Amino acid sequence: MSVTADTPASSPVTSHGASLVTSSVTVTNPVLRVAPASPAAAAAYFGASLAFHADVSDVAAALATDADPGFVVVDSRSTESWDQGHVPGAIHLPCALIPEQAEQLLDKSVPVVTYCWGPGCNGATRAALALAELGFQVKEMLGGFEYWAREGFEFETWEGRERRAADPLTAPADAQDCGC
């Protein structure tokens, strides 16, 4: 919180926007301490973000159709992690093996969607970077395997297929999608 004591005594009191102005003090909240970007800059940023990211629900919906989704999914985690659970139909390609195996396993004309454990892991980002540097079109699946399982989508383990109930904090109860 910042406090400014040089506000003129005649300033109006307002609760709108970033500041509360009283006769002698301006208090800026932590959210608006750095002003939001202009609408044009925000549109460019968020538009670019969608070019780099896909969410779990969108990936699952595309894979659930009988049609070719137009992309391949790559799990960038270790073999032990893969065995614990992975997206059905995904290709297992740990980050460390991308430079030597990507061109044998993947087609550069088909976009790739990478994932790792979840939001606390940057393995999918590292995999996406490595694939992009090799000339692949790539997106990162936000939420990773954690959100795939938490949203109730079927996954494969070394023992077979499994599905958990959707976590109501990550997926709407009794709905096909979140409506986003």
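1. Considerations on the side chain of Asp75
- Positionally, Asp75 belongs in strand E5 (residues 72-75).
- Here Asp75 falls in the buried class, since its relative accessible area comes to 0%.
- Side-chain polar atoms of Asp75 contact the side chain of Arg77, separated by 2.7 Å.
- The contact partners of Asp75, leaving out residues within four places of it in the chain, are Trp82, Gly85, His86, Ile91, His92, Leu93, Pro94 and Tyr115.

2. Quick word on the confidence of the model for the protein chain
- With 81% of its residues at a pLDDT of at least 70, the protein chain reaches an overall mean of 87.
- Every residue in residues 1-16 scores below 50 in pLDDT, and together they form 31 contacts with partners more than four places removed in sequence or on other chains.

3. Considerations on the pairing of strand E8 (residues 138-142)
- Of the strand pairs in this sheet, strand E4 (residues 53-55) and E8 are connected by 3 bridges, and their pairing is parallel. Residue pairing for E8: His53 is matched across the bridge by Glu140.
- You can see the chain leave strand E7 (residues 112-115), run along helix H5 (residues 123-133) and come back into E8, and the turn it takes is right-handed.

4. Describing the nonpolar core
- Counting 16 residues, the largest nonpolar core has Val59, Tyr115, Met141 and Trp148 as the members making the most contacts within it.
- Within the residue set of this core, elements represented by two or more residues are helix H2 (56-64), E7 and helix H6 (144-150).
- Residues Val72, Leu93, Leu106 and Val112 belong to the second largest nonpolar core, which totals 14 residues.

5. Regarding the pattern of salt bridges
- Taken as a whole and judged by the stated rule, the model has 7 salt bridges.
- Taking the shortest distance from any N to any O, the salt bridge between Lys108 and Glu103 comes out at 3.3 Å.
- Judged by relative accessible area, Lys108 falls into the partly exposed class, the value being 38%.
- As a salt-bridge pair, Arg150 and Glu146 come within 3.1 Å of each other at their nearest N and O atoms. Placement of the pair is Arg150 and Glu146 together in helix H6, with a separation of 4 residues, close to one helical turn.
- Residue Arg150 is classed as partly exposed on the basis of its relative accessible area of 24%.
- The class for Glu146 is partly exposed, based on a relative accessible area of 32%.

6. Examining helix H1 (residues 39-52)
- The end-to-end C-alpha separation of H1 is 20 Å, in line with the 20 Å expected for 14 residues at 1.5 Å each.
- Burial analysis of H1 places just 0 of its 14 residues in the buried class, which makes it a mostly uncovered element.

Rules behind the numbers
- Residues numbered from 1 in each chain as written.
- Predicted model: local features only at pLDDT ≥ 70, side-chain atom pairs only at ≥ 80, totals over all residues.
- Heavy atoms only, no water.
- Helix = DSSP H or I, 4+ residues; strand = E, 2+ residues; numbered from the N terminus.
- Buried < 20%, exposed > 50% of the residue type's maximum accessible area, 1.4 Å probe, protein only.
- Polar contact = N/O pair within 3.5 Å; in protein donor to acceptor, adjacent residues only side chain to side chain.
- Contact = heavy atoms within 4.5 Å.
- pLDDT = per-residue confidence, 0-100.
- Pairing = 2+ DSSP bridges.
- Right-handed = clockwise from strand over helix to strand, strands pointing away.
- Core = buried A, V, L, I, M, F, W, Y, C linked by side-chain atoms within 4.5 Å.
- Salt bridge = Lys/Arg side-chain N within 4 Å of Asp/Glu carboxyl O.
- Expected span 1.5 Å × (residues − 1).

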